[in-house]
Amino acid sequence: MHERVINCRVCGSERVVRLGAPRYRPPTKVAGVPIRVDDLDLSLYRCSECDYQFVAPVIPQERLLACYRESSGSNWKTDPQVDAAIVNQRYYANKRAVLERFSPGRQVLDFGCYDGGFLKYLGAEWQTAGIEPSTVAAGIAAGHGVQILGPTIDAVGAEHNASFDAIISFDVLEHLPEPVATLSALRRLLRPGGVMVVETGNSAALAWRLTGPAYPYCGIVEHVGFFNERSLGVAGRRAGLELAHFQRSCHTRTPLWYYILSYPRAAVYLALRALRRLRVPLPEHLDVIAQGGFPATFGDQDHFIAVLRRPQ
Ligand SMILES: [Zn+2]
């Protein structure tokens, strides 16, 4: 039996380190829709050259897209009118401030716009477009006046080339099996000098580095690739985009007690894991907890917001 060669999906290097199997909690779901992955022998790897982390082998794209298509349209909340708290919880004002600081104009495309909630928040002075695989969510976005270009980047025609000042993409990069190809495809939609504003998990966050494949963010099946400042810079360069800005960020505003409680919760989780390894029979709901990753994140700054610019 020969070892299969795994190449980094950002820089192509063969110098990748296997970190272990991602700890998915059964039953596995993507966008709330059941998915089977136990037949794939998935592992998390880190590239020694560019620091990108990724799950390999690739989950068949059709399996994932089938879940996104069938997703209910309410799996993720983005619409400020449906849920006013979301503007505060998801730091919409900070995202808009970064967008306004770097975008050379007011034509914006949201890659993975879901129900168009953030675009609606931007207000009438912005011309908005979106790309969204969930049929239901795209329909809701269109109802808010968002021009839907298609379900995926491959469906977007050449007539949209070089037509956007900015492309925003929040909580999407971690879903991309071929991030450089996708960033390249998005680059052609940007005007020269236009920018991409992205937010995703930061694999350089301390708790993440300490817990690896058991970090909660890695326990989500549709999360297949993880960036930090270095790997995003490399991915951007290979796609013809320069890293213009990087800041650590928090995904969701969360009360302090949640983070304080995450430590005793982690202790209980580690105890359950040890019992499971010793083959001590556990009630089913505890056994499910022991099979997954850590139940909670340990700090609020485990994401980042970055700006990639198409050179003039
Ligand atoms: Zn690499």
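Residues numbered from 1 in each chain as written. Predicted model: local features only at pLDDT ≥ 70, side-chain atom pairs only at ≥ 80, totals over all residues. Heavy atoms only, no water.

Before we go on, may I ask you to explain the coordination of the zinc ion in this structure?
In a perfect tetrahedron of four donors around a metal, the angles come out at 109.5 degrees. In a perfect octahedron of six, they are 90 or 180 degrees. Within the protein, the atoms that donate to the zinc ion are Cys8 (SG), Cys11 (SG), Cys47 (SG) and Cys50 (SG), at distances of 2.3 Å. Considering all four donor atoms around the zinc ion, angles at the metal cover 102 to 119 degrees and the coordination shape is tetrahedral. Linear spacing of the donor residues for the zinc ion on their chain is C-x2-C-x35-C-x2-C. We note that cysteine 8, like cysteine 11, is buried. (Donors = N, O, S within 2.8 Å, 3.2 Å for Na, K, Ca; no water. Tetrahedral: all angles 85-135°; square planar, octahedral: opposite > 155°, others 65-115°. Buried < 20%, exposed > 50% of the residue type's maximum accessible area, 1.4 Å probe, protein only.)

Teacher, can you tell me more about the sheet that holds strand β5 (residues 53-56) here?
The pairing of strands in a sheet happens through backbone hydrogen bonds and is either parallel or antiparallel. Read across the sheet, four strands follow the order β1-β4-β5-β11 without closing on themselves; strand pairing throughout is antiparallel. Because the sheet does not close on itself, it has two edges, and the strands there are β1 (16-20) and β11 (225-226). Taken together, the four bridges between β1 and strand β4 (residues 43-47) define a ladder with antiparallel strand orientation. Looking across to β4, one finds that glycine 20 is bridged to leucine 44. (Pairing = 2+ DSSP bridges. Helix = DSSP H or I, 4+ residues; strand = E, 2+ residues; numbered from the N terminus.)

Looking at this structure, how should I read the domain arrangement of the protein?
Accessible area lost when the parts come together is the quantity often used to give the size of an interface. When the domains of the protein are assigned, the result is domain 1 (16-70), domain 2 (85-253 + 304-309) and domain 3 (256-291). Here the C-alpha centre of domain 3 lies 22 Å away from the C-alpha centre of domain 1. Taken together, the four residues of domain 1 in the interface contact six residues of domain 3. Regarding the contact of domain 1 and domain 3, the summed buried area is about 460 Å², with carbon and sulfur atoms giving 45% of it. Considering only the surface of domain 1 that becomes buried against domain 3, Arg23, Arg25 and Pro26 emerge as the three largest contributors, covering 94% of it. The interface formed by domain 1 and domain 3 includes four residue pairs in polar contact (both at pLDDT 80 or more). Looking at side-chain class alone, the side of domain 1 that touches domain 3 contains two nonpolar, no polar and two charged residues. (Domains from an automatic or database assignment. Contact = heavy atoms within 4.5 Å. Buried area = accessible area lost by both parts, 1.4 Å probe. Polar contact = N/O pair within 3.5 Å; in protein donor to acceptor, adjacent residues only side chain to side chain. Nonpolar A, V, L, I, M, F, W, Y, C, P; charged D, E, K, R; others polar.)

Got a minute to help me understand helix α3 (residues 92-102) in this structure?
Side chains that are three or four residues apart share a direction in an α-helix, a result of its 3.6 residues per turn. Here α3 has its buried residues at Tyr92, Lys95, Val98, Leu99 and Phe102. Down the axis of α3, the buried set is contained in an arc of 130 degrees. They therefore lie on one face. Buried residues in α3 make contact with α2 (85-89), α4 (117-122), β9 (164-170), β10 (190-201), β12 (242-249) and β13 (303-309). (Arc of directions from axis to C-beta.)

Would you mind showing me how to read the nonpolar core here?
Side chains of nonpolar character tend, in soluble globular proteins, to be buried together. If you look at the biggest cluster of nonpolar residues, it comprises 40 residues, and the most contacted ones within it are Cys8, Val10 and Met196. No other element matches helix α6 (residues 179-187), which puts four residues into this core. Beyond its immediate chain neighbours, meaning those up to four positions away, cysteine 8 contacts Ser13, Val16, Cys47, Cys50, Tyr52 and Phe54. Ile35, Val37, Ala205 and Phe226 belong to the second-largest nonpolar core, a separate cluster that totals 29 residues. (Core = buried A, V, L, I, M, F, W, Y, C linked by side-chain atoms within 4.5 Å.)

What exactly am I supposed to notice about a nonpolar patch on the surface here?
A cluster of nonpolar side chains, namely Leu275, Leu278 and Val280, defines an oily patch on the protein surface of about 260 Å² accessible area. You can see valine 280 is positioned in the loop between α9 (256-277) and α10 (284-291). (Patch = residues over 30% accessible without salt bridge, like charges linked within 9 Å, V, L, I, M, F, W, Y side chains within 5 Å. Areas by Shrake-Rupley, 256 points an atom, 1.4 Å probe, with all protein chains shown as cover. Salt bridge = Lys/Arg side-chain N within 4 Å of Asp/Glu carboxyl O.)

I keep staring at the packing of aromatic side chains and nothing clicks. Help me out?
Within a pair of aromatic rings, the relevant descriptors are the distance that separates the centres and the angle that separates the planes. Across all of its chains, the model carries 17 aromatic pairs by this definition. Between the aromatic rings of tryptophan 208 and tyrosine 215, the centroid separation amounts to 5.1 Å while the plane-to-plane angle is 20 degrees, which identifies the pairing as stacked. For the pair shown, tryptophan 208 and tyrosine 215 are each scored as buried. Measuring from centroid to centroid gives 5.8 Å for tyrosine 217 and phenylalanine 226, while their planes differ by 55 degrees, and the two rings are tilted. Phenylalanine 226 carries the same exposure label as tyrosine 217, and that label is buried. Within the aromatic cluster, the residues linked to one another by ring pairs are Tyr45, Tyr52, Phe54 and Phe227. (Phe/Tyr/Trp six-rings, centres within 6.5 Å; stacked < 30°, edge-to-face > 60°.)

When you look at the environment of arginine 188 in this model, what are you seeing that I'm missing?
Positionally, arginine 188 belongs in the loop between α6 and β10. Sequence separation of arginine 188 and valine 280 is 92 residues, and the distance between their C-alpha atoms is 56 Å. With sequence-adjacent residues up to four places away left out, arginine 188 is seen in contact with Ile153, Val156, Gly157, Ala158, Asn161, Ala162 and Arg310.

Help me understand the packing of α9 against α10 in this model?
Describing two packed helices takes the angle between their axes plus the distance from one axis to the other. With their axes 8 Å apart at the nearest point, α9 and α10 run at an angle of 100 degrees to one another. By the criterion of interaxial angle, the relationship of α9 to α10 is roughly perpendicular. Between α9 and α10, the contacting residues are Tyr269, Leu272, Arg273 and Arg276 on the first element and Leu286, Asp287, Ile289, Ala290 and Gln291 on the second. Tallied by class, the residues present in the contact of α9 with α10 amount to five nonpolar, one polar and three charged. (Axes fitted to C-alpha atoms, helices over the stretch in contact; angles between N-to-C directions. Parallel < 35°, antiparallel > 145°, perpendicular 65-115°, else oblique.)

Quick question: what am I supposed to make of the environment of proline 216 here?
Relative to the assigned elements, proline 216 resides in the loop between α7 (206-211) and β11. The residues contacting proline 216, other than those within four sequence positions of it, are Phe294, Ala296 and Thr297.

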